[in-house]
Amino acid sequence: MSFSKLGLCNPILKAVSELGYQTPTEIQKQAIPIILSGKDLIAAAQTGTGKTASFVLPLLEKISTYDKPRGRSVHALILTPTRELAVQVEANVAEYAKYLDTSSLAVYGGVDLEPQIQHLKQGIDILVATPGRLLDLAYQRALFFDDLEFLVLDEADRMLDMGFIGDLNKIIERLPRDRQSLLFSATLTDDVRYLADTVYDDAAEISVSPKKKAKPKIEQWLITVDKDTKSALLSHLIKEQQWDQALIFVEKKHSAAKLVEQLGKRGIEADSIHAGRSQASREKVLAAFKSGKLKFLVATGVAARGIDIENLSRVVNYDLPYPAEDYIHRIGRTGRAGKTGEAISFVSKDDFKNLCAIESLLGHLIERREIEGFPVRKVVPISILNYQRR
Ligand code: AMP
């Protein structure tokens with residue numbers, strides 16, 4: 001099937017083709033016709049499936065025929081959990097809208113409010129926002145929702161995990177009832193379904209499973225390691241195996257800074273992104289990593305959520321993620337668009353239950369490899385695959 005069969009106009013087809021997209025992905029094939037038909041939609045799809053284009057392309061198709069929004073108004077609102085994702089989604093919108101006269105803007109916290117207020121004055125077709133900043137702008141009367149026709153909740157499960165439910169309800173209360181609403185979530189948990197019930201009318205539901213596609217493309221392995229030798233092991237692997245690049249996940253922001261320092265002492269240049277750094281430095285570091293100038297990026301799970309890095313060859317779970325579903329999101333950063341990637345996890349004895357949960361979710365054990373010179377003192381037992389989280 002080609003994009004031209006989906007009922008999108010030529011300027012959109014041209015932009016998509018210039019980006020090298022030859023055929024629509026599964027989520028795009030399913031979602032685009034539903035969205036064009038005007039129905040509400042709930043979709044289970046995670047980053048890496050092409051989900052962003054699956055809602056942005058039909059929104060652009062519709063909005064390109066509308067009159068311009070009035071000042072301080074928007075036609076479509078896309079809510080995302082993190083600033084990074086907001087920036088990335090807006091960048092995608094701008095790429096897909098290259099040959100249209102449609103405006104877009106990303107607004108998020110951690111930066112000055114005033115320039116965002118100024119931008120909104122002229123009205124924006126597609127606004128991408130994090131919930132807190134959006135409410136600030138609404139409270140300041142910098143933004144009104146009378147012209148709003150579309151609401152998209154992107155990564156809804158993550159927004160709930162991050163405690164945005166109160167903000168989301170406050171935003172939704174302010175929106176016109178007569179609108180089309182779309183929800184995208186990596187998993188459709190009970191909480192997400194409850195949220196969807198309050199927001200959507202008779203929504204169509206679709207699901208694309210990333211697991212089948214992800215498995216052959218990502219080589220997953222783990223090393224059992226004592227906590228106090230983790231940074232030495234990481235440095236060893238980087239040097240021994242001559243890693244070209246790695247996105248390294250840690251749980252806490254202070255461990256990110258510490259690990260950067262430990263790597264530095266062993267002559268490995270790394271940098272970090274986490275919630276404790278300013279938006280400007282996070283963007284700078286991310287740009288350096290994306291361009292290949294920075295080879296090793298240490299990130300907390302939240303900061304790196306949804307970040308799309310083309311050709312990323314390797315992710316490392318320096319700390320094993322919790323909950324288990326986050327493991328799938330993280331390894332989804334590599335091995336994208338048909339390329340092979342590597343996902344390596346460091347597992348110490350305290351992680352045993354979490355490892356059981358992850359391997360049970362995957363439905364298989366992750367291959368264990370031993371690294372010479374790093375024997376473990378505290379052995380991690382082999383998981384039982386029917387682990388139930390309590
Ligand atoms: P997403 O799931 O939206 O984060 O998209 C993942 C990656 O797939 C992004 O780098 C997109 O540019 C890319 N992509 C989206 N749709 C297609 C497509 N139909 N063909 C090839 N690449 C695509």
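1. Description of a positive patch on the surface
And step 1. On the surface, a cluster of positive charge is contributed by Arg72, Lys121, Arg141 and Arg174.
And step 2. By the secondary structure assignment, arginine 72 is in the loop between helix H3 (51–63) and strand S2 (74–79).
And step 3. Residue classification places arginine 72 among the partly exposed positions, given a relative accessible area of 33%.

2. Some remarks on H3
And step 1. Helix length check: H3 (13 residues) gives 19 Å between terminal C-alpha atoms against 18 Å at 1.5 Å per residue, within 8%.
And step 2. Counting buried residues in H3 gives 13 out of 13 residues, a clear majority hidden from the surface.

3. Some details on the pairing of strand S13 (residues 341–347)
And step 1. Along S13, seven of the seven residues are buried, which leaves the element largely enclosed by surrounding structure.
And step 2. Burial of the side chains of S13 extends over both faces: Gly341, Ala343, Ser345 and Val347 are buried on one face and Glu342, Ile344 and Phe346 on the other.
And step 3. Across seven bridges, the pairing between strand S8 (residues 218–224) and S13 is parallel. Within S13, the position partnered with glutamine 220 by the bridge is alanine 343.
And step 4. Pairing analysis gives four bridges linking strand S12 (residues 314–317) to S13, with the strands arranged parallel. Residue pairing in the sheet places valine 315 in a bridge with alanine 343 of S13.

4. Considerations on unusual backbone geometry
And step 1. Omega for the bond connecting tyrosine 322 with proline 323 falls within 30 degrees of zero, at 0°, which places this linkage in the cis form.
And step 2. Within the secondary structure, proline 323 is located in the loop between S12 and helix H15 (325–331).
And step 3. Its identity is not glycine, yet arginine 72 carries a phi of approximately 55°, on the positive side.
And step 4. The backbone of arginine 141 sits at a positive phi, close to 60°, despite the residue not being glycine.
And step 5. With respect to the helices and strands, the residue arginine 141 is situated in the loop between helix H6 (131–139) and strand S5 (150–153).
And step 6. Residue classification places arginine 141 among the exposed residues on the basis of a relative accessible area of 53%.

5. Concerning the domain arrangement of the protein chain
And step 1. Splitting the protein chain by domain gives domain 1 (3–208) and domain 2 (218–368).
And step 2. Between the C-alpha centres of domain 1 and domain 2 the distance comes to 29 Å.
And step 3. Counting from both sides, the interface comprises 18 residues of domain 1 and, opposite them, 17 residues of domain 2.
And step 4. Carbon and sulfur atoms make up 45% of the surface buried where domain 1 meets domain 2, a total of about 1,500 Å² over both sides.
And step 5. Considering only the surface of domain 1 that becomes buried against domain 2, Glu84, Gln88 and Arg158 emerge as the three largest contributors, covering 38% of it.
And step 6. Counting every contact that joins domain 1 to domain 2 gives two salt bridges.
And step 7. Between arginine 282 and glutamate 84 there is a salt bridge; the shortest N-O distance is 2.8 Å.

6. A look at the sheet that holds strand S1 (residues 41–44)
And step 1. Spatially, S3-S4-S2-S5-S6-S1-S7 is the arrangement adopted by the seven strands of the open sheet, whose pairing is parallel. The strands lining the two open edges of the sheet, one partner per strand, are strand S3 (104–107) and strand S7 (204–207). Strand after strand, the sheet turns through a mean of 15° between neighbouring axes, direction not considered.
And step 2. Where S2 meets S5, four bridges bridge the pair, whose relative direction is parallel. Counterpart to alanine 76 in the pairing with S5 is phenylalanine 150.
And step 3. Along the sheet, H3 makes contact with S2, strand S4 (124–129), S5 and strand S6 (180–185), crossing S6 at roughly 165°.

Rules used throughout
Residues numbered from 1 in each chain as written. Predicted model: local features only at pLDDT ≥ 70, side-chain atom pairs only at ≥ 80, totals over all residues. Heavy atoms only, no water. Patch = residues over 30% accessible without salt bridge, like charges linked within 9 Å, V, L, I, M, F, W, Y side chains within 5 Å. Areas by Shrake-Rupley, 256 points an atom, 1.4 Å probe, with all protein chains shown as cover. Salt bridge = Lys/Arg side-chain N within 4 Å of Asp/Glu carboxyl O. Lys, Arg positive; Asp, Glu negative; His and termini not counted. Charge placed at Lys NZ, Arg CZ, Asp CG, Glu CD. Helix = DSSP H or I, 4+ residues; strand = E, 2+ residues; numbered from the N terminus. Buried < 20%, exposed > 50% of the residue type's maximum accessible area, 1.4 Å probe, protein only. Expected span 1.5 Å × (residues − 1). Pairing = 2+ DSSP bridges. Domains from an automatic or database assignment. Contact = heavy atoms within 4.5 Å. Buried area = accessible area lost by both parts, 1.4 Å probe. Axes fitted to C-alpha atoms, helices over the stretch in contact; angles between N-to-C directions.

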